[in-house]
Amino acid sequence: MPHIALRAIRALFPQVTRPVSTLPNEAQARALAALLVAQGQRALIHRTAAGFAVEVIA
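Throughout what follows, the structure given in this document is the object of discussion. Quick caveat: nothing in here was measured; it's all calculated off a predicted structure.

Calculation rules
Every chain is numbered on its own, with residues counted from 1 as its sequence reads. Predicted model: local features are reported for residues with pLDDT of at least 70 only, side-chain atom pairs are reported and counted for 80 or more only, and whole-chain, interface and lining totals are derived from all residues. As a rule here, side-chain values come from all non-hydrogen atoms in the structure, and water together with hydrogens is ignored. Patch rule: a residue counts if its relative accessible area is over 30% and it has no salt bridge; like charges are joined within 9 Å, and nonpolar side chains (Val, Leu, Ile, Met, Phe, Trp, Tyr) within 5 Å. The Shrake-Rupley method, run with a 1.4 Å probe sphere, supplies the accessible areas, and residue values consider only the shown protein chains as cover. The term salt bridge refers to a side-chain nitrogen of Lys or Arg lying within 4 Å of a carboxyl oxygen of Asp or Glu. What counts as a helix is a DSSP run of H or I of at least four residues, what counts as a strand is a run of E of at least two, and both are numbered from the N terminus. Exposure categories follow from relative accessible area, calculated using a 1.4 Å probe and restricted to protein chains: below 20% of the type maximum is buried, above 50% is exposed, and the middle band is partly exposed. In what follows, residue pairs with any heavy atoms lying within 4.5 Å of each other are defined as contacts. Strands are treated as partners if at least two bridges between them are detected by DSSP.

1. Remarks on a nonpolar patch on the surface
Taken together, the side chains of Ile-9, Leu-12 and Phe-13 define a hydrophobic patch exposed on the protein surface, amounting to about 370 Å² of accessible area. By the secondary structure assignment, Leu-12 is in helix 1 (residues 2–12). The exposure class of Leu-12 is exposed, given its relative accessible area of 62%.

And the structure:
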């Protein structure tokens, strides 16, 4: 049951992200994400056509 409730809450309240930067390689993206996490923010990394995008979950 908890899994179903979590899916329902995520459907009602989707997470919003704010782009921070697009970097050419994964190591730089991970370093930036680690810096953001150290500052107390939640970071997300994903691959794009131009490299790796780093976003902050608002």
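2. Considering the environment of Ala-43
By secondary structure assignment, the location of Ala-43 is in strand 2 (residues 43–48). Residues Ala-43 and Pro-14 lie 29 residues apart in sequence; the distance between their C-alpha atoms is 16 Å. Those residues within four positions of Ala-43 in sequence are excluded, and the remaining contacts are Ala-33, Leu-36, Val-37 and Glu-55.

3. So, the environment of Glu-26
Its place among the elements puts Glu-26 in helix 2 (residues 26–38). Residue classification places Glu-26 among the partly exposed positions, given a relative accessible area of 35%. With 24 residues separating them in the primary sequence, Glu-26 and Pro-2 have C-alpha atoms 34 Å apart.

4. Things to note about the pairing of strand 3 (residues 51–57)
Summarising burial for strand 3: 7 of the 7 residues are buried, a large majority. With 6 bridges connecting them, strand 1 (residues 17–23) and strand 3 associate as antiparallel partners. Bridged to Ser-21 within strand 3 is Val-54. Where strand 2 and strand 3 come together, 6 bridges link them in antiparallel fashion. By the bridge assignment, Ile-45 is partnered in strand 3 with Val-54.

These figures capture arrangement, not role.
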